[in-house]
Structures are given as structure tokens and as C-alpha cells.
Amino acid sequence: MWDFFETVHHRHSIRKYQTGAPVEMEKLNAILETACAAPSAGDIQAYHITVVRDEQTREKLAEAASRQRFLAEAPVVLVFSAEPVRSAARFGERGASIYALQDATIAAAYAQLAIVAAGMASTWVGEFDEPRVREIAGLEADQIPLSLLSVGYPAEVAGLSPRRHLDDIVSWR
Ligand SMILES: Cc1cc2nc3c(=O)[nH]c(=O)nc-3n(C[C@H](O)[C@H](O)[C@H](O)COP(=O)(O)O)c2cc1C
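Residues numbered from 1 in each chain as written. Predicted model: local features only at pLDDT ≥ 70, side-chain atom pairs only at ≥ 80, totals over all residues. Heavy atoms only, no water.

Turning to the overall build of the protein chain, a few remarks are in order. Helix and strand content of the protein chain: seven helices and four strands. Here the C-alpha atoms of the protein chain give a radius of gyration of 16 Å, agreeing with the 16 Å that 2.2 N^0.38 yields for 173 residues. Its C-alpha atoms give the protein chain principal-axis dimensions of roughly 45 × 45 × 30 Å. Sequence separation of 24 or more characterises 75% of the internal contacts of the protein chain that already satisfy a separation of 6 or more. Of the accessible surface of the protein chain, which amounts to about 10,000 Å², a share of 53% is contributed by carbon and sulfur atoms. Within the protein chain, the 23 negative side-chain charges are centred at a point lying 3 Å from the centre of the 17 positive side-chain charges. (Helix = DSSP H or I, 4+ residues; strand = E, 2+ residues; numbered from the N terminus. Rg over C-alpha atoms; globule rule 2.2 N^0.38 Å. Contact = heavy atoms within 4.5 Å. Areas by Shrake-Rupley, 256 points an atom, 1.4 Å probe, with all protein chains shown as cover. Lys, Arg positive; Asp, Glu negative; His and termini not counted. Charge placed at Lys NZ, Arg CZ, Asp CG, Glu CD.)

This is how it looks when you write it as C-alpha cells:
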């Protein structure tokens with residue numbers, strides 16, 4: 001079992017997955033529970049998670065995402081959608097335009113870490129045709145898909161992903 005910092009540093013985008021290695025239901029549930037443990041504005045959790053296991057649906061998602069084939073090859077795709085109307089009911093315009101997007105994004109980030117802790121890997125896909133993904137995932141009109149996470153056991157070693165230097169990002173006052 002890795003500690004938290006090891007888990008964070010072992011998370012890399014993986015775009016090749018082992019075929020014939022399904023995601024166990026127990027692990028999938030633990031990942032979903034972890035996503036829902038993320039903080040959210042007013043504890044409203046203004047997001048929806050669609051679990052896509054069906055192969056044909058994953059194929060369609062891959063098509064809608066500029067043919068990013070690994071979405072079809074991964075055994076599971078998680079679609080994280082914001083629910084602005086839910087957050088707006090309490091927080092008005094700020095809830096709709098900011099909090100709902102943040103709620104959904106934080107939940108997806110937690111899911112990415114849980115996936116690593118469960119011995120698997122993912123890639124966050126943001127490049128997709130929004131109306132098509134909405135239709136394929138069976139979303140409601142007020143649900144905005146933000147990220148597609150491919151989930152599965154990795155079949156490649158992750159490449160290095162360099163980061164900007166801390167001094168370039170952080171300022172101290
Ligand atoms: C908002 C967002 C959108 C992204 N969209 C894509 C995408 O459409 N396709 C893809 O292969 N990777 C996508 N990525 C993954 C990034 O390319 C990746 O996280 C980055 O290169 C750093 O690599 P690492 O995840 O291995 O640390 C996206 C990541 C984020 C956060």
C-alpha cells in the first residue's frame with residue numbers, strides 16, 4: 001500500500017490498457033466513493049458520474065473524442081459532468097458558473113488518485129464534442145460533461161511529464 005505522496009507521484013496518464021483485465025466492482029465502487037468524498041461548495045456535490053462499461057458506448061465516446069482510441073480500449077470510462085442548476089439553487093450565478101465546475105473537477109481528480117491507489121491508471125480526456133458526449137452518455141440537458149476518465153490496468157510504462165518550476169508558479173508574500 002502506497003502512502004499519499006507516493007500515490008500522487010505514481011499517477012501518470014496511461015493510454016494503453018491490458019485487454020482481458022476488467023476493473024473489479026469492489027475497486028470501481030471504492031473509486032466512486034473516493035470521488036464523492038471530495039469537498040464541494042455547500043456540500044451540494046453538483047456533479048454526476050456516468051460509469052460506461054459497455055464496449056459499443058466506449059467506442060462511440062472514443063469517436064466523439066477526436067478518435068482517442070484508448071477510451072474504447074480501457075474497460076471503463078467515467079464521465080464527470082457538472083450540474084450547474086443544482087449549485088445555482090443555493091449559490092446563484094457563482095454556483096452555476098464556477099462552483100459546479102469545481103465540484104465536478106475535484107471529484108474527478110480524487111478519482112484519478114483512487115485509481116492509482118487501486119493499482120490501475122487513467123487519463124483525463126477533455127477534448128471531445130460536448131453535444132455528442134452528452135447524447136452518448138445519456139446526460140440530461142442541464143448536465144455538462146467536463147472530463148472522460150479512461151480506467152484500467154496499464155499496458156505501458158508512463159513517459160515523463162515535466163512540470164513548470166515551482167518558482168515560476170508560486171509567489172510568496
Ligand atoms: C483538463 C485536461 C484535459 C486533458 N485532455 C486530454 C485529452 O483530451 N487527451 C489526452 O490524451 N490527455 C489529456 N489530458 C491529460 C494531460 O495531457 C496530462 O495530464 C498531462 O500531459 C500531464 O501528464 P501526466 O498526467 O502523465 O502527469 C488532459 C488533462 C487535463 C487536466
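Here the protein chain shows a mean pLDDT of 97. Residues at 70 or above account for 99%. For the protein chain, per-element mean pLDDT is lowest for helix α1 (residues 4-10), which scores 94, and highest for strand β2 (residues 76-82), which scores 99. (pLDDT = per-residue confidence, 0-100.)

The subject of this paragraph is the sheet that holds strand β3 (residues 121-125). In space, the four strands of this open sheet follow the order β1-β2-β4-β3, with antiparallel pairing throughout. Of all strands in the sheet, those with a lone pairing partner are β1 (47-52) and β3, marking the two edges. Between one strand axis and the next, the sheet turns by 20° as a mean value, whatever way the strands run. Sheet topology note: the β1/β2 ladder contains six bridges and is antiparallel. The partner of Thr50 across the bridge, within β2, is Val79. The sheet contacts of helix α2 (residues 25-36) involve β1 and β2, and relative to β1 the element is tilted by about 165°. In this fold helix α5 (residues 84-117) packs onto β1, β2, β3 and β4 (144-152), with an angle of close to 10° to the strand it touches most, β4. (Pairing = 2+ DSSP bridges. Axes fitted to C-alpha atoms, helices over the stretch in contact; angles between N-to-C directions.)

So, on to the nonpolar core. A general tendency of soluble globular proteins is for nonpolar side chains to be buried together. Among the nonpolar cores identified, the biggest contains 25 residues, and Ile31, Ile49, Leu78, Phe80, Met120, Leu149 and Val151 are the most heavily contacted of them. Broken down by element, the residue count for this core peaks at seven residues, all from α5. Not counting residues up to four positions away in its chain, the partners in contact with Phe80 are Ala35, His48, Ile49, Ala104, Ala107, Ala108, Ala111, Ile144, Pro145, Leu146, Ser147 and Leu149. Counting 20 residues, the second largest nonpolar core, distinct from the first, contains Tyr17, Ala121, Val133 and Leu148. (Core = buried A, V, L, I, M, F, W, Y, C linked by side-chain atoms within 4.5 Å. Buried < 20%, exposed > 50% of the residue type's maximum accessible area, 1.4 Å probe, protein only.)

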